[in-house]
Amino acid sequence: MTSQSGHCLCGAVQFKLAAQPQMARVCWCRDCQHLAANGTVNGVVPAEALSVSGELAEFRKTAASGNEMTRQFCPQCGTQLFAYSSARPHLRVVRIGNLDDPSSVAPIMNIWTSSAPTWACMDEKLDRAEQQPQPPQASPVPAT
């Protein structure tokens, strides 16, 4: 993959990824459940690989990990687009469902499974972490 693009629901915010996500995971933390009423599928990219056009609004909150999370979203339609952690400001979380081709990035694990509701549908083939796993390594996720 050389680059990918995506946008919010209303199209006011457009973005491009100049690098394949280092990993993609389904997050079941309570914050992600509040954002999506479910788990969220998130890719992790270097901050410099993400370019954005359009205005973003931000919301900051201390996560269960103890890190301050900054979540970025479209102020017009409310689409959750990106996030970053005070512990890893050089990385950006990208909500995979906002990619023009979300099938191009497959999650490799479920995280914060200890917070998942009993009805959560988790792919049995994916690894699981009860809380926050180690930071991502440099290898890209496989395309599907």
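- Looking at an unreviewed UniProt entry, one finds the chain named Aldehyde-activating protein, with Comamonas testosteroni as its source organism.
- Turning to the chain, the UniProt record has this under Sequence similarities (unreviewed entry): "Belongs to the Gfa family."

**What about the nonpolar core?**
Here is step 1 of the chain: Counting residues in each nonpolar core, the largest one holds 14 residues, and the members touching the most others are Phe15, Leu17, Leu50, Leu81, Phe82, Val94 and Leu99.
Here is step 2 of the chain: Of all elements in the fold, only strand 2 (14-17) and strand 8 (80-85) reach the threshold of two or more residues within this core.
Here is step 3 of the chain: The contact partners of Val94, leaving out residues within four places of it in the chain, are Phe15, Leu17, Val41, Asn42, Gly43, Val45, Leu81 and Phe82.
Here is step 4 of the chain: Core analysis: the second largest hydrophobic core is formed by seven residues, Cys27, Cys29, Cys32 and Ile111 among them.

**Digging into the sheet that holds strand 5 (residues 50-53)**
Hydrogen bonding along the main chain pairs the strands of a sheet, whether they run parallel or antiparallel.
Here is step 1 of the chain: Judged by pairing direction, the sheet is antiparallel, and its three strands sit side by side in the order 1-2-5 without closing on themselves. Lying at the two open borders of the sheet, with one neighbouring strand each, are strand 1 (4-7) and strand 5. Direction aside, the axes of adjacent strands within the sheet are offset by 20° on average.
Here is step 2 of the chain: Here four bridges tie strand 2 to strand 5, and the two strands are oriented antiparallel to one another.

**Section: the environment of Gly39**
Here is step 1 of the chain: On the secondary structure map, Gly39 appears in the loop between helix 1 (30-36) and strand 4 (40-46).
Here is step 2 of the chain: For Gly39, a relative accessible area of 19% translates into the label buried.
Here is step 3 of the chain: Measuring from C-alpha to C-alpha, the distance between Gly39 and Met109 comes to 12 Å, with 70 residues separating the pair along the chain.
Here is step 4 of the chain: Those residues in contact with Gly39, other than ones at most four positions away along the chain, are Val26, Cys27 and Trp28.

**What about the environment of Thr40?**
Here is step 1 of the chain: Residue placement: Thr40 occurs in strand 4.
Here is step 2 of the chain: Once the C-alpha coordinates of Thr40 and Ile96 are considered, the two residues, 56 residues apart in sequence, prove to be 8.4 Å apart.
Here is step 3 of the chain: A distance of 3.0 Å separates the side chain of Thr40 from the side chain of Asn42, its partner in a polar contact.

**A look at the layout of surface pockets**
Here is step 1 of the chain: In this structure, the largest pocket encloses a volume near 470 Å³.
Here is step 2 of the chain: Forming the boundary of the largest pocket are 30 residues, of which Arg25, Cys27, Met69, Val93 and Gln132 lie nearest the centre.
Here is step 3 of the chain: The element contributing the most residues to the lining of the largest pocket is strand 9 (residues 88-95), with five residues.
Here is step 4 of the chain: Classifying every residue of the lining of the largest pocket gives 15 nonpolar, seven polar and eight charged.
Here is step 5 of the chain: Considering only enclosed or pocket space, the second largest pocket measures out at about 200 Å³ in volume.
Here is step 6 of the chain: The wall of the second largest pocket is formed by Leu35, Ala36, Thr40, Val41, Gln80, Arg95, Ile96, Gly97, Asn98, Pro102, Val105 and Pro107.

Calculation notes
Residues numbered from 1 in each chain as written. Predicted model: local features only at pLDDT ≥ 70, side-chain atom pairs only at ≥ 80, totals over all residues. Heavy atoms only, no water. UniProt positions renumbered as here; feature names shortened; annotations may be inferred. Core = buried A, V, L, I, M, F, W, Y, C linked by side-chain atoms within 4.5 Å. Buried < 20%, exposed > 50% of the residue type's maximum accessible area, 1.4 Å probe, protein only. Helix = DSSP H or I, 4+ residues; strand = E, 2+ residues; numbered from the N terminus. Contact = heavy atoms within 4.5 Å. Pairing = 2+ DSSP bridges. Axes fitted to C-alpha atoms, helices over the stretch in contact; angles between N-to-C directions. Polar contact = N/O pair within 3.5 Å; in protein donor to acceptor, adjacent residues only side chain to side chain. 1 Å grid on protein atoms, 1.4 Å probe; cavity = no way out; pocket = protein on both sides within 12 Å on 5 of 7 lines; lining within 4 Å. Points joined across faces, edges and corners; volume = space filled by probe spheres on them. Nonpolar A, V, L, I, M, F, W, Y, C, P; charged D, E, K, R; others polar.

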